[in-house]
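Spelled out, the chains give:
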Amino acid sequence: MSDSPLSTVRNIGISAHIDSGKTTLSERILFYSGRIHKIKEVKGEGATMDYMELEKERGITITSAATTVEWSNCQINLIDTPGHVDFTVEVERSLRVLDGAVLVLCGVAGVQSQSITVDRQMKRYGVPRLAFINKLDRTGADPVNAIEGMESKLDLETVQLQLPIGLGNDLKGLIDLITMQAVYFDGPNGEDVRREAIPAEMRDEADSARKGLLDTLSLSDDELMTLMLEEKPIPEQLVHDIIRRCTLASQLTPVLMGSAYDNKGVQLLLDAVTRYLPSPLDREIFARDIDNEGAETPIAADPEAPLVAMAFKLVDETYGQLTYMRIYQGRMRRGERYVNVRTRKLQRFSRIVRMHANDREEMDSAQAGDIVAVLGLDCVSGDTFCTEDTNLALEGMHVAEPVISLAVSPRKTADRDRFSKALNRFAKEDPTFHVSSDPETGETLISGMGELHLDIYVERIKREYKVEIDVGRPRVSYREAPSREIAYNYKHRKQTGGSGQYAHVIGKLIPLPADHPEDFEFESAVFGGRIPTEYIPSCEKGFRSMLGKGPLAGYPITGVKMLLEDGSSHAVDSSDMAFQICARDAFKEAFLDSKPILLEPIMKVEVETPSEFQGSITGDLAARRGLIMSSEVRGPLAVLQAEVPLANMFGYATVVRSLSQGKAGFTMEFLKYKRTPAAIQEEVVAAAKAAKK
Ligand SMILES: Nc1nc2c(ncn2[C@@H]2O[C@H](COP(=O)(O)OP(=O)(O)OP(=O)(O)O)[C@@H](O)[C@H]2O)c(=O)[nH]1
Ligand SMILES: [Mg+2]
């Protein structure tokens, strides 16, 4: 199977808001393509793709899972990703290496907050997508509302390919607006696709929807426009070709629909995946040429060219590391050695496997376009592997910074080893999970994207490593920033016996604007060698070394620009070390003088609730220093958007449940850092001082 022509390969991801049915949909895809012979539900036995015990228990996806199926002579490599933003790195790295995606929407809720996040990620990597409006069997399902949401909130140009026949309990099938047929899904699991004439009562609606479809497409195609003007028959293939072209160019998003749970519409979605989503040949991929100052170099999905592959995900297993790779160019052979471009170290690829959820199939070789896993490598996610004489690196992926941390410690001293083994492993696998130790208290801190994220790791340490652990209260990752510009003029002079140390720096500490992309900036305007050129980097190094831990309460520093304007040096006593120390002390003094402020993470919170609980939920959010940004009604649901400090959101899951008799759901994701009110800053600073004692 690995040698199917590249034009028939589809590497696609399924991404969406929590609970919209991605895993349920993947399970149907496995079933209809013959990969599995029995459908397992997410809740109950646990779906094939949710193979981790914790995923089955909680009915959520935590790690992305890959598999391969065949459909209409195409090989579809499929990755099912989690919806919870806590596991967003899984979506990020999947989209980094995939060629196309299916954006799933809930037919009742439409575009939800994480649909927006996922859409942003798809746009970041330029991934063409199809949309699937799921759950049309639910009461209140409204595909038109979902499509309007895509246009208004995601700013997508959509083209609707189907109409539902009935909705909610009455959902019977779909009308295919391209072939103008009614499609029904018979048999115990909807496996028998039956195509028939459109029911008479829907004829008009279907005609006008088809006209809408063709009108949209004709705007991008003259041939179609002419055929329509001349009222000539329109070949089906022409319609497919235009949709494919516009999808690949991300000009249009084709919209399909159905109900995964109710086994309706999935086969048509698969047809659309093979028809409209790109093959590896359709994507333009660039690498950076390390030997040529990192110049952008196109690479080709050509199996005969030298190998270029990217490690995008790793799992640390008992017998070594499992490294997921996307091959962009060339061919990878078992037993060969390839070089890790970052370390320039050669590594033997002794085993290559294709993953099917948690099962694997051995391979002798794999080629451009493939997604496989290699056993026993040593690398980090984002590394590029090449043939020995090639030196190309692929761009890494976007990794979000942790906002919440938790002190953890093993209850028994005897468990220390296994405890640190577990932490090392998770930190290696997950770039959004950090482990550090609090220098004041000596406690081990784990940091991540949210309470659920850390909760899952705590649970995994207990289960997979059999370590009983004590867990502290969650803490907010604050930041420290200057609030005013301050000039510095600092001399470092020391006479110790023989040679002394001398360095002198003059300049300004300048606050960066809140929306500045970098935490720190350095600029040297030193002129005429007042500080010898070789010591300028020493100054920058000294400044930078202060960023990890601010003097206010020990939190990382952000929003600083250090301008170096002048200084002086001594022929004998000046050194790299002297300038580093000098810069460090100058920074500390200047920063403390700059009226530093504490910034706190503000979360974007979206609550979906039956309307009757809207009042109490709004009141509660306001009491948490929340700003209600919008509230709208979507069918039976009220949707509230708010911006709330993370510090006041711990344990919110329990609160929202009790406020709504368990009927409301919420999502939360990091939005921005914002200045904390003075009273809270005082509290945090006092607490940090107390901890120091
Ligand atoms: N009524 C109805 N329920 C569905 C449908 N698809 C999925 N569900 C249910 O919705 C819930 C969530 O489904 P999942 O497939 O786990 O959703 P997911 O998007 O994979 O969830 P995460 O991976 O945790 O983000 C489960 O209870 C499913 O049975 C559908 O088409 N109709
Ligand atoms: Mg899932």
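Residues numbered from 1 in each chain as written. Chains lettered and ligands numbered in written order. Predicted model: local features only at pLDDT ≥ 70, side-chain atom pairs only at ≥ 80, totals over all residues. Heavy atoms only, no water.

A. Spotlight on the coordination of the magnesium ion (ligand 2). Coordination of the magnesium ion (ligand 2) by the protein involves T23 (OG1) and T61 (OG1), with metal-donor separations of 1.9 to 2.0 Å. One end of the pair, T23, is in helix α1 (residues 22-32); the other, T61, is in the loop between α2 (53-58) and β2 (65-71), with 38 residues separating them in the sequence. The residues T23 and T61 share a single accessibility class, namely buried. (Donors = N, O, S within 2.8 Å, 3.2 Å for Na, K, Ca; no water. Helix = DSSP H or I, 4+ residues; strand = E, 2+ residues; numbered from the N terminus. Buried < 20%, exposed > 50% of the residue type's maximum accessible area, 1.4 Å probe, protein only.)

B. Quick look at the packing of aromatic side chains. Scanning all chains against the criterion turns up 15 aromatic pairs. Residues F543 and F587 carry aromatic rings whose centres are separated by 6.4 Å and whose planes lie at 45° to one another, so their mutual orientation is tilted. With F543 in helix α12 (residues 536-544) and F587 in helix α13 (residues 576-593), this residue pair connects regions lying 44 residues apart in the sequence. The ring of Y324 has K313 sitting right over it, with the charged end atom 5.6 Å from the ring centre. (Phe/Tyr/Trp six-rings, centres within 6.5 Å; stacked < 30°, edge-to-face > 60°. Lys NZ or Arg CZ within 6 Å of the ring centre and 35° of its normal.)

C. Local environment of the pattern of salt bridges. The full count for this structure, using the stated rule, is 45 salt bridges. A salt bridge links D119 to K123, with the nearest nitrogen and oxygen atoms 2.7 Å apart. With a gap of 4 residues between them, D119 and K123 both fall in helix α4 (residues 113-124), about one helical turn apart. With a shortest N-O distance of 3.0 Å, E540 and R544 are connected by a salt bridge. Separated by 4 residues within a single helix, E540 and R544 lie in helix α12, roughly one turn from each other. Classification of E540 by relative accessible area gives partly exposed; the value is 23%. (Salt bridge = Lys/Arg side-chain N within 4 Å of Asp/Glu carboxyl O.)

D. The arrangement of the site of ligand 1 in detail. Around ligand 1 lies a shell of 20 residues, among which K22, T23, T24, T61 and D137 are the nearest. Between ligand 1 and S20 there is a distance of 3.2 Å, counted from an oxygen atom to a backbone nitrogen or oxygen. Residue G83 places a main-chain N or O atom 3.0 Å away from an oxygen atom belonging to ligand 1. Relative to its unbound accessible surface of 650 Å², ligand 1 loses 91% to contact with the protein. Counting residues per element, the shell around ligand 1 draws most heavily on α1, at 3 residues. Grouping the amino acids of the shell around ligand 1 by side-chain chemistry returns 5 nonpolar, 9 polar and 6 charged. (Near = heavy atom within 4 Å. Polar contact = N/O pair within 3.5 Å; in protein donor to acceptor, adjacent residues only side chain to side chain. Areas by Shrake-Rupley, 256 points an atom, 1.4 Å probe, with all protein chains shown as cover. Nonpolar A, V, L, I, M, F, W, Y, C, P; charged D, E, K, R; others polar.)

E. Quick peek at the sheet that holds strand β8 (residues 173-176). The sheet built from 4 strands is open, its strands ordered β7-β8-β9-β10 with antiparallel pairing. Every other strand in the sheet has two partners, leaving β7 (162-165) and β10 (192-196) as the edge strands with one partner each. Sheet twist, expressed as the average angle between the axes of neighbouring strands with direction ignored, equals 30°. Here strand β9 (residues 181-186) pairs with β10 via 5 bridges, running antiparallel. Counted as the bridge partner of F185 is V193 from β10. Most of the contacts of helix α9 (residues 266-276) go to β9, to which it runs at about 120°, and overall it touches β7, β8, β9 and β10. (Pairing = 2+ DSSP bridges. Axes fitted to C-alpha atoms, helices over the stretch in contact; angles between N-to-C directions. Contact = heavy atoms within 4.5 Å.)

F. Here's a closer look at the confidence of the model for the protein. Here the protein shows a mean pLDDT of 91. Residues at 70 or above account for 99%. Confidence, expressed as mean pLDDT per element, reaches its minimum in the protein at α2 with 85 and its maximum at strand β11 (residues 253-257) with 98. (pLDDT = per-residue confidence, 0-100.)

G. Spotlight on a nonpolar patch on the surface. A cluster of nonpolar side chains, contributed by L219, M225 and L229, occupies part of the molecular surface with about 340 Å² of accessible area. M225 gets classed as partly exposed once you look at its relative accessible area, which sits at 31%. (Patch = residues over 30% accessible without salt bridge, like charges linked within 9 Å, V, L, I, M, F, W, Y side chains within 5 Å.)

H. Examining the environment of Y535 more closely. Note that Y535 resides in the loop between β33 (520-524) and α12. Separated by 41 residues in sequence, Y535 and D576 place their C-alpha atoms 5.8 Å apart. Excluding residues within four positions of it along the chain, Y535 makes contact with S574, S575, D576 and F579.

I. Representation of empty space enclosed by the protein in the model. A complete count under the given rule lists 3 cavities of 30 Å³ or more for this structure. Taken as a whole, the largest cavity spans an internal volume of roughly 60 Å³. Forming the walls of the largest cavity are A66, T67, T68, N77, L78, I79, R354, M355, I371 and V372. Mapped by element, the contributors of at least two residues to the lining of the largest cavity are β2, β3 (74-80), β19 (351-356) and β22 (371-375). For the lining of the largest cavity, the per-class residue count stands at 6 nonpolar, 3 polar and 1 charged. (1 Å grid on protein atoms, 1.4 Å probe; cavity = no way out; pocket = protein on both sides within 12 Å on 5 of 7 lines; lining within 4 Å. Points joined across faces, edges and corners; volume = space filled by probe spheres on them.)

J. Broad picture of the environment of A586. Assignment of secondary structure puts A586 in helix α13. The residues contacting A586, other than those within four sequence positions of it, are Y488, Y490 and V505.

K. Region of interest: the side chain of E480. Position of E480 among the secondary structure elements: in strand β30 (residues 479-481). Engagement of the side chain of E480 in a polar contact is seen with the backbone nitrogen of G554, the distance being 3.0 Å. With residues near it in sequence (within four places) discarded, E480 still touches G550, P551, L552, A553, G554, Y555, P556, I557, T558, F591, I597 and L598.

L. How the structure looks around a negative patch on the surface. On the surface, D142, E148, E151, D155 and E157 cluster together into a negatively charged patch. Mapping E157 onto the fold places it in the loop between α5 (143-153) and β6 (158-160). For E157, a relative accessible area of 47% translates into the label partly exposed. (Lys, Arg positive; Asp, Glu negative; His and termini not counted. Charge placed at Lys NZ, Arg CZ, Asp CG, Glu CD.)

M. Molecular detail of helix α10 (residues 416-429). The terminal C-alpha atoms of α10, which comprises 14 residues, lie 20 Å apart, in line with the 20 Å expected from a rise of 1.5 Å per residue. Among the residues making up α10, those that are buried are F419, A422, L423, R425, F426 and E429. Each buried residue of α10 sits inside an arc of 165° when the element is viewed along its axis, so together they form one side. Residues of α10 that are exposed and angled more than 90 degrees away from the buried face: D417, K421 and N424. (Expected span 1.5 Å × (residues − 1). Arc of directions from axis to C-beta.)

N. Examining the sheet that holds β11 more closely. Strand order in this open sheet of 7 strands is β2-β3-β1-β4-β5-β11-β6, and the pairing throughout is mixed. On the outer flanks of this sheet lie β2 and β6, each paired with one strand and no other. Mean inter-strand twist for the sheet, computed between neighbouring axes without regard to direction, equals 30°. One ladder, built from 7 bridges, connects β2 with β3; its direction is antiparallel. The residue of β3 that forms the bridge with V69 is I76. In this fold α1 packs onto β1 (9-16), β2, β3, β4 (100-106) and β5 (129-134), with an angle of close to 150° to the strand it touches most, β1. Docked against the sheet, α4 engages β1, β4 and β5, running at close to 170° with respect to β4.

O. Broad picture of α13. Taking 1.5 Å as the rise per residue, α13 with 18 residues should run 26 Å; its terminal C-alpha atoms sit 26 Å apart, in good agreement. Here α13 has its buried residues at A578, F579, Q580, C582, A583, A586, F587, A590 and F591. Residues of α13 that are buried in the fold lie against β30, β31 (486-495), β32 (500-511), β33, α12 and β34 (560-568). Positive phi shows up at K595, right after α13, with a value of about 50°.

P. Spotlight on the pairing of β5. Of all 6 residues making up β5, 6 are buried, and the element is well covered by its neighbours. Side chains of β5 alternate between two faces, with R129, A131 and I133 and L130, F132 and N134 buried alike. For the handedness criterion, the β-α-β arrangement of β4, α4 and β5 is classed as right-handed. Across 3 bridges, the pairing between β5 and β11 is parallel. Bridging across to β11, I133 finds its partner in M257. (Right-handed = clockwise from strand over helix to strand, strands pointing away.)

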